[in-house]
Amino acid sequence: MSVIARMLARRILILIPLLLGVILFVFIVMRFSNNKPEYAYFQGTNPTQEQIQQFREENGLTDPLPVRYVRFVGDLLQGDMGTSVLTRAPVLDSVLTALPLTMQLTFLGLGIAVVTSLLLGVTAAIFRDRWPDQVIRVVSLGGVAAPGFWLALLMIQWLAVDRGWFPTGGYINPADSFTGWLRSMTLPALALSLPVAAQLTRIVRTSMVEELDKDYVRTAIGSGLPPIVVVGRNVLRNALINPLTVLGLRVGYLLGGAVVIETIFALPGMGKLMIDGVTNGDPAVVQGVVLTIATGFVVVNLAVDILYLLVNPRLRSAS
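In this report, the structure presented in the accompanying data block is examined. (Residues numbered from 1 in each chain as written. Predicted model: local features only at pLDDT ≥ 70, side-chain atom pairs only at ≥ 80, totals over all residues. Heavy atoms only, no water.)

## Observations regarding the overall build of the protein chain
Helix and strand content of the protein chain: 14 helices and zero strands. What you see in the protein chain, going N to C, is helices and strands ordered as α-α-α-α-α-α-α-α-α-α-α-α-α-α. Projected onto its principal axes, the C-alpha coordinates of the protein chain cover approximately 85 × 60 × 35 Å. Classification of the 319 residues of the protein chain by burial places 40% in the buried group. Within the protein chain, counting contacts between residues at least 6 apart in sequence, those at least 24 apart form 74% of the total. For the protein chain, the exposed area adds up to about 17,000 Å²; of that, 66% sits on carbon and sulfur atoms. (Helix = DSSP H or I, 4+ residues; strand = E, 2+ residues; numbered from the N terminus. Buried < 20%, exposed > 50% of the residue type's maximum accessible area, 1.4 Å probe, protein only. Contact = heavy atoms within 4.5 Å. Areas by Shrake-Rupley, 256 points an atom, 1.4 Å probe, with all protein chains shown as cover.)

See below:
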């Protein structure tokens, strides 16, 4: 078995209890929240205590928590995330409808953050302590301090309301109009990605500076190799380890931040689904969204672990 296969097997074995722990945490939090299924089910009516008790018994809400948790995990393994007590629709169907938009926003934001941070971070490291470096450091510091929702509101005002370059909100399916989709997703993706890009830029710069000061770089350049080849082939690859560590964590931020950004831009993704679930007191929907986002975060970190091996051969030998 190859090194990557062995590492992947180990990570998957660790992933199983981790996911069970996440499921347990979400399960317990939702059971002790004020959003009760019976409240949502009888919303707008005046049910008797007998009706409430009958609803609880029919839906297994009177069973002990351990029994309900085991049943919940068993349902999840069969692809059943529960049923909305308001719409009577399976939560999984609602999640699968909303998830593609959130994934589009997350990965579009991720692409912007990665490309921007690499360009700015490498430029700042190459022009270390000169004016390009100083400008990039000041801009990245401001980006780290700026919250995404504040950037979203500024962009709506400046670029959508004042200039009309982009819509203020809403979503256009790329199958209907790719240009319309791109215009509808640009501002949300920028608002979501710029704080992450600013943080990654600082980390890329620091990692690049550390690599550029190492002896092998001076030796390679002194032997006649063009600096651009040394930087692109060796320095950048070795310097990507620390940024990858942060990137794995930041993808979780992007998934969670998408909930807020989708609400601001009126995008019908996981954010709207969660807000509707909280507003309407529908705990099954909220639980399904939180579990999906948490699972995505865990899986992304597994993917980052694999990227470590692909980027740095020394980690493969260490494994």
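## Some thoughts on unusual backbone geometry
One non-glycine residue with positive phi stands out, namely D129, at about 65 degrees. Looking at the element boundaries, D129 is found in the loop between α5 (91–126) and α6 (131–145).

## Looking at the layout of surface pockets
Put simply, the largest pocket is a space of about 690 Å³. Lining of the largest pocket is provided by 26 residues; of these, R31, P37, N59, L61 and A284 occupy positions nearest its centre. When residues of the lining of the largest pocket are traced back to their parent elements, those giving at least two are α1 (3–31), α2 (37–41), α3 (49–58), α4 (65–77) and α13 (283–311). Here the element with the most residues in the lining of the largest pocket is α4; it accounts for four residues. Split into classes, the residues belonging to the lining of the largest pocket amount to eleven nonpolar, seven polar and eight charged. In this structure, the second largest pocket is lined by 27 residues; those nearest its centre are L19, L291, T292, T295 and G296. (1 Å grid on protein atoms, 1.4 Å probe; cavity = no way out; pocket = protein on both sides within 12 Å on 5 of 7 lines; lining within 4 Å. Points joined across faces, edges and corners; volume = space filled by probe spheres on them. Nonpolar A, V, L, I, M, F, W, Y, C, P; charged D, E, K, R; others polar.)

## Re the nonpolar core
Ranked by size, the top nonpolar core spans 30 residues in total, and within it L105, L187, L192, I261 and F265 carry the most contacts. Mapped by element, the contributors of at least two residues to this core are α5, α7 (148–162), α8 (178–212), α11 (241–264) and α13. Of all the elements, α8 adds the most residues to this core, at ten residues. Each residue touching F265, except ones within four places of it in the same chain, is listed here: A152, I156, T168, G169, G170, L187 and P188. Residues V22, V91, A284 and I293 belong to the second largest nonpolar core, which totals 24 residues. (Core = buried A, V, L, I, M, F, W, Y, C linked by side-chain atoms within 4.5 Å.)

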